Amino acid sequence: MGKLTGKVAIVAGAGRGIGRATAELFAAEGAKVAVLSLTRANVNAVVDHIQSRGGTALGVVCDLSYDEQIAEAVARVVQTFGGIDILVNVAFDPTVVQSSILDLSIEQLQRNFDMGPIAYLRTMQACYPYLKASGEGRVINFASLAGVLGMSPYGPYNLAKEAVRALTRSAAREWGPDRITVNNLLPVADTWGAGRDTPPPANALGRFGSPEDDVAPVALFLASSDSKFITGSSLTPDGGQIIDSAR
């Protein structure tokens, strides 16, 4: 029996990278997984991979910047699988993350918020009744060490990701009585694949993490009963880049 046998999980942003690795691991551990992403080809590829290995997956093409599409996606998951136990928010728009503070436009900042804390808030609100009914609901939001460190030139991304952490802490306190845990992950991972000439990060282990081997297993821990007494926390599978500063 897997760690998530009998559970239903939504992974919002599961089309590639960490989101895909998380969806595939959750399915391997017994969860029924809803694969949400904007690109149909990516959704189909993840669902096909999961099903080819005997797992259960539902593909939903969804633009997370639109409230009505989120509501429709959640309704489809509940109709198909009967409920929701786990919500993972990992989606963002990588095309708009870089800008100096001096040059940052409100439009670019808004896009980072629309695909970050606003989208995460909407998925959390839509899933809340089902997470509560689960009796052991789990929310896992992906923030970033970039916001903690104030990395340049990632001004809009930093602002949005720190808002994600504030959202997570607030929900953890409000939803604790409902037995829903809400936590952040702040990973450092190679999400572009082999072949790119990128210097290693300035972390203690001197390498980027693997989405499959280093990050998804931490998401699995937060999704499972092993983490039932952890909420409102920021876990850092980052090879020791920020150590204790996320606290």
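Data block above holds the structure.
### Digging into helix H4 (residues 106-115)
Here is step 1 of the chain: All of the buried residues in H4 are Gln108, Leu109, Asn112 and Met115. Taken end-on, H4 shows its buried residues confined to a sector of 140°, consistent with a single buried face. Exposed positions of H4 whose direction lies more than 90 degrees from the buried face are Ile106 and Glu107.

### Focus: the nonpolar core
Here is step 1 of the chain: By size, the foremost hydrophobic cluster in this structure holds 37 residues, and its most contacted members are Ile10 and Leu64.
Here is step 2 of the chain: Elements with a contribution of two residues or more to this core: strand S1 (8-12), strand S2 (32-37), strand S3 (56-61), helix H3 (67-81), helix H5 (117-134) and helix H7 (155-175).
Here is step 3 of the chain: A per-element tally of this core places H3 first, with six residues.
Here is step 4 of the chain: The contact partners of Ile10, leaving out residues within four places of it in the chain, are Ala34, Leu36, Val74, Val77, Ile84, Ile86, Leu87, Val88 and Cys127.

### Comments concerning H3
Here is step 1 of the chain: Between its first and last C-alpha atoms H3 spans 21 Å; for 15 residues at 1.5 Å apiece the expected length is 21 Å, and the two agree.
Here is step 2 of the chain: Listed in full, the buried residues belonging to H3 are Ile70, Ala73, Val74, Val77, Val78 and Phe81. Projected onto a plane normal to the axis of H3, the buried residues spread over an arc of 130° and lie on a single side. For H3, the exposed residues lying more than 90 degrees away from the buried face are Glu72 and Gln79.
Here is step 3 of the chain: Next to the buried residues of H3 lie S1, S2, S3 and H5.
Here is step 4 of the chain: Backbone geometry just downstream of H3 places Gly82 in the positive-phi region, at approximately 95°.

### Digging into the packing of helix H1 (residues 17-28) against helix H8 (residues 211-223)
Here is step 1 of the chain: Following both chains from N to C, one finds H1 and H8 inclined at 60°, their axes separated by 9 Å at the closest point. For the element pair H1 / H8, the angle class is oblique. Crossing handedness for the pair H1 and H8: right-handed. Packed against H1, whose contacting residues are Gly17, Ile18, Ala21, Thr22, Leu25 and Phe26, the element H8 presents Pro211, Glu212, Val215, Ala216, Pro217, Ala219, Leu220 and Ala223 at the interface.

### Focus on the packing of aromatic side chains
Here is step 1 of the chain: Counted by the stated rule, this structure contains two aromatic pairs.
Here is step 2 of the chain: When the ring of Phe92 is compared with that of Tyr157, the centres are 5.6 Å apart and the planes differ by 55°; the resulting orientation is tilted. Within this pair, whereas Phe92 is found in the loop between strand S4 (86-89) and H4, its partner Tyr157 is found in helix H7, the two being separated by 65 residues in sequence.
Here is step 3 of the chain: What makes Phe92 partly exposed here is its relative accessible area of 37%.
Here is step 4 of the chain: Ring plane angle 45° and centroid distance 4.9 Å describe the contact between Tyr128 and Trp175, whose orientation is recorded as tilted. Residue Tyr128 is located in helix H5, and its partner Trp175 is located in helix H7; the two are separated by 47 residues in the primary sequence.
Here is step 5 of the chain: Judged by relative accessible area, which is 23%, Tyr128 ranks as partly exposed.

### Quick notes on the side chain of Ser144
Here is step 1 of the chain: The residue Ser144 is located in the loop between strand S5 (138-142) and helix H6 (145-149) in this model.
Here is step 2 of the chain: A distance of 3.0 Å separates the side chain of Ser144 from the backbone nitrogen of Ala146, its partner in a polar contact.
Here is step 3 of the chain: When sequence neighbours within four positions are dropped, the list of residues in contact with Ser144 reads Tyr157, Lys161, Glu162 and Leu186.

The rules behind each value
- Residues numbered from 1 in each chain as written.
- Predicted model: local features only at pLDDT ≥ 70, side-chain atom pairs only at ≥ 80, totals over all residues.
- Heavy atoms only, no water.
- Buried < 20%, exposed > 50% of the residue type's maximum accessible area, 1.4 Å probe, protein only.
- Helix = DSSP H or I, 4+ residues; strand = E, 2+ residues; numbered from the N terminus.
- Arc of directions from axis to C-beta.
- Core = buried A, V, L, I, M, F, W, Y, C linked by side-chain atoms within 4.5 Å.
- Contact = heavy atoms within 4.5 Å.
- Expected span 1.5 Å × (residues − 1).
- Axes fitted to C-alpha atoms, helices over the stretch in contact; angles between N-to-C directions.
- Parallel < 35°, antiparallel > 145°, perpendicular 65-115°, else oblique.
- Left-handed = near helix turned anticlockwise from the far one by under 90°.
- Phe/Tyr/Trp six-rings, centres within 6.5 Å; stacked < 30°, edge-to-face > 60°.
- Polar contact = N/O pair within 3.5 Å; in protein donor to acceptor, adjacent residues only side chain to side chain.

Purely geometric stuff here, so don't read any function into it on its own.
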